[in-house]
Amino acid sequence: MENAQAVRDNAARRRAGGRSAVDAAAGRILDLIRARQLNVGDVLPTERELSEITGASRNTVREALRTIRTYGLIEPKPRVGAVLADGQSIAIQNFFAAHMDVSRSSFADIQGFRRIIEVGIGDHIVLNATSEQIEALDAINARILESCSIEEAAENDFNFHMALIGLADNRMLTDIYSFLSPVILRIMTIGKEMRPVLADTRAAHGEIIAALRARDRLAYAYLMSRHLDFALRFLPEEPASAT
């Protein structure tokens, strides 16, 4: 069946992570939703079909669907089956974040997306940000050293980047980053668990702020790219694919 191999490949990675059978099946169903690019109102395959696609028993698939439903991502419809719902966006955010593998490749993908956005808005910020806005950004950066936990440090780190996005004066970008916040926060938390040196983060942000003060677009682009790439070196290499 279409996309079945991609779902099974992701399933193998999830089994290696030691997750429960129900959680793993829920993740595989999410993989299927992504692979088929299902939209709100689209009907999911039947339990029998999902069992064949994911390799899980029908009882496990049933429990996985129940789990997904608690996140507001799907809803049952009489004589139709499970359909993708337009549930609360926060619930959907949390579900995607909870079932996302933070591998080296997925980390690189997310940081690559952030680089496109956060480097791309540099010209606008350099040209339009006021001195007061830049000073406010510096104040947000200072809170990183006041963090009492890794989770708080990740939140303060995210708030800095969110404030940068706000300087672009683009509501769509702000909405996208708000939607992605659980995933980005999770990555930031993992990064700080591997290298909990808050002074380094503040210093890197400080260099970016200095480039904005100097209205130096090239320096901003270089420093932001370097900052977003930095954490990748602390992630373990992925095992080579079997041939």
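Residues numbered from 1 in each chain as written. Predicted model: local features only at pLDDT ≥ 70, side-chain atom pairs only at ≥ 80, totals over all residues. Heavy atoms only, no water.

The chain goes by FCD domain-containing protein in an unreviewed UniProt entry, where it is assigned to Mesorhizobium album.

1. Digging into the packing of helix H2 (residues 21–36) against helix H3 (residues 47–54)
What counts is decided by this rule: Whenever a helix is involved, its axis is fitted only over the stretch in contact; in every case the axis is a line through C-alpha atoms, and angles between N-to-C directions fall within 0 to 180 degrees. Secondary structure elements are defined from DSSP: runs of H or I of at least 4 residues count as helices, runs of E of at least 2 residues count as strands, and each element is numbered from the N terminus. By definition in this entry, angles of less than 35 degrees are roughly parallel, angles greater than 145 are roughly antiparallel, angles of 65 to 115 are roughly perpendicular, and the rest are oblique. Contacts are assigned to residue pairs that have any heavy atoms within 4.5 Å of one another. Amino acids are sorted into nonpolar (Ala, Val, Leu, Ile, Met, Phe, Trp, Tyr, Cys and Pro), charged (Asp, Glu, Lys and Arg) and polar (every other residue, Gly among them).
Two elements in contact, H2 and H3, have axes separated by 10 Å at closest approach and are oriented at 95 degrees. With respect to H3, the axis of H2 lies roughly perpendicular. Between H2, through Arg28, Ile29, Leu32 and Arg36, and H3, the contact on the second element is made entirely by Leu50, Ile53 and Thr54. Of the residues belonging to the contact of H2 with H3, the class tally is four nonpolar, one polar and two charged.

2. Digging into the side chain of Asn141
Cut-off, in case you're wondering: Any pair of nitrogen or oxygen atoms within 3.5 Å is treated as a polar contact; in protein, a donor-acceptor pairing is required on top of that, and neighbouring residues in sequence qualify only through side-chain atoms on both sides.
Structurally, the position occupied by Asn141 is in helix H8 (residues 131–142). Among the polar contacts listed, one links the side chain of Asn141 to the backbone oxygen of Arg202, at a separation of 3.1 Å.

3. Details of unusual backbone geometry
Our working definition: Three exposure classes are used, based on accessible area relative to the maximum for each residue type with a 1.4 Å probe and protein chains only: buried under 20%, partly exposed in between, and exposed over 50%.
Of note, the phi angle at Gln37 is positive, near 55 degrees, even though the residue is not glycine. Its relative accessible area of 63% is what places Gln37 among the exposed residues.

4. Thoughts on the confidence of the model for the chain
Convention followed: You can read pLDDT as the predictor saying how much it trusts each residue, on a scale of 0 to 100.
Averaged over every residue, the pLDDT of the chain is 80; the share at 70 or more is 77%. pLDDT under 50 marks residues 9–18. Its contacts with residues more than four places away, or in other chains, come to twelve contacts.

5. Describing the side chain of Arg114
Residue position: Arg114 is located in helix H6 (residues 104–120). Classification of Arg114 as buried rests on a relative accessible area of 4%. Looking at Arg114, its side chain comes within polar contact range of the side chain of Gln111, at 3.1 Å. The residues touching Arg114, leaving out its near neighbours within four places in the chain, are Val119, His161, Tyr177, Ile184, Met188 and Leu228.

6. Some points on the nonpolar core
For clarity, the cut-off: Here, nonpolar core refers to any group of buried Ala, Val, Leu, Ile, Met, Phe, Trp, Tyr and Cys residues whose side-chain atoms link them within 4.5 Å.
In terms of nonpolar packing, the biggest core is built from 28 residues, with Ile121, Ile125, Leu137, Leu164, Leu212 and Tyr220 touching the most fellow members. Sorting the residues of this core by element identifies helix H7 (122–128), H8, helix H9 (150–166), helix H10 (171–194), helix H11 (198–213) and helix H12 (217–230) as the ones contributing at least two each. If one sorts the elements of this core by residue count, H9 sits on top with six residues. The residues contacting Ile125, other than those within four sequence positions of it, are Leu164, Leu167, Ala168, Leu212, Arg215 and Tyr220.

7. A look at the pairing of strand S1 (residues 74–77)
This is how it is decided: Two strands form a pair only when DSSP identifies at least two bridges running between them.
Pairing of S1 with strand S2 (residues 81–84) involves four bridges; the strand directions are antiparallel. If you follow Lys77 over to S2, its bridge partner there is Gly81. The antiparallel pairing of S1 with S2 creates a hairpin that spans three residues between the two strands, and Arg79 there sits at a positive phi of about 65 degrees.

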